[in-house]
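For reference, the chains in residue letters:
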Amino acid sequence: MEPRLLGALPLLPFAMIFASTMWHEIRRYSRNGRATYGLSYCQETDSPHVTLLGDD
């Protein structure tokens, strides 16, 4: 195999995940408009996670 191909092969899964994430975000943006993301804390699971923040 060509060395450039061997070097790019490990990056392929990350590129596919990035492209999929962008596709879903673009679809969400066209449906709902601009969104604000923020860190939210769930007391049930005792862990923070990223979520859409409301307008209020």
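Residues numbered from 1 in each chain as written. Predicted model: local features only at pLDDT ≥ 70, side-chain atom pairs only at ≥ 80, totals over all residues. Heavy atoms only, no water.

## Digging into a nonpolar patch on the surface
And step 1. Residues Met1, Leu5, Leu6, Leu9, Leu12 and Met16 make up a contiguous nonpolar surface patch of roughly 650 Å² in combined accessible area.
And step 2. Mapped by element, the contributors of at least two residues to the nonpolar patch are helix H1 (3–8) and helix H2 (12–32).
And step 3. Looking at the secondary structure, you find Met1 in the segment before H1.
And step 4. For Met1, a relative accessible area of 74% gives the class exposed. (Patch = residues over 30% accessible without salt bridge, like charges linked within 9 Å, V, L, I, M, F, W, Y side chains within 5 Å. Areas by Shrake-Rupley, 256 points an atom, 1.4 Å probe, with all protein chains shown as cover. Salt bridge = Lys/Arg side-chain N within 4 Å of Asp/Glu carboxyl O. Helix = DSSP H or I, 4+ residues; strand = E, 2+ residues; numbered from the N terminus. Buried < 20%, exposed > 50% of the residue type's maximum accessible area, 1.4 Å probe, protein only.)

## Brief notes about the pattern of salt bridges
And step 1. Scanning the model with the defined rule gives 2 salt bridges in all.
And step 2. With its nearest N and O atoms 2.8 Å apart, the salt bridge here joins Glu25 to Arg28. Placement of the pair is Glu25 and Arg28 together in helix H2, with a separation of 3 residues, close to one helical turn.
And step 3. Residue classification places Glu25 among the partly exposed positions, given a relative accessible area of 27%.

## Quick notes on the side chain of Arg28
And step 1. In this structure Arg28 comes out as buried when scored by relative accessible area, which is 11%.
And step 2. Setting aside residues up to four positions removed in sequence, Arg28 forms contacts with Gly33, Arg34, Ala35 and Tyr37. (Contact = heavy atoms within 4.5 Å.)

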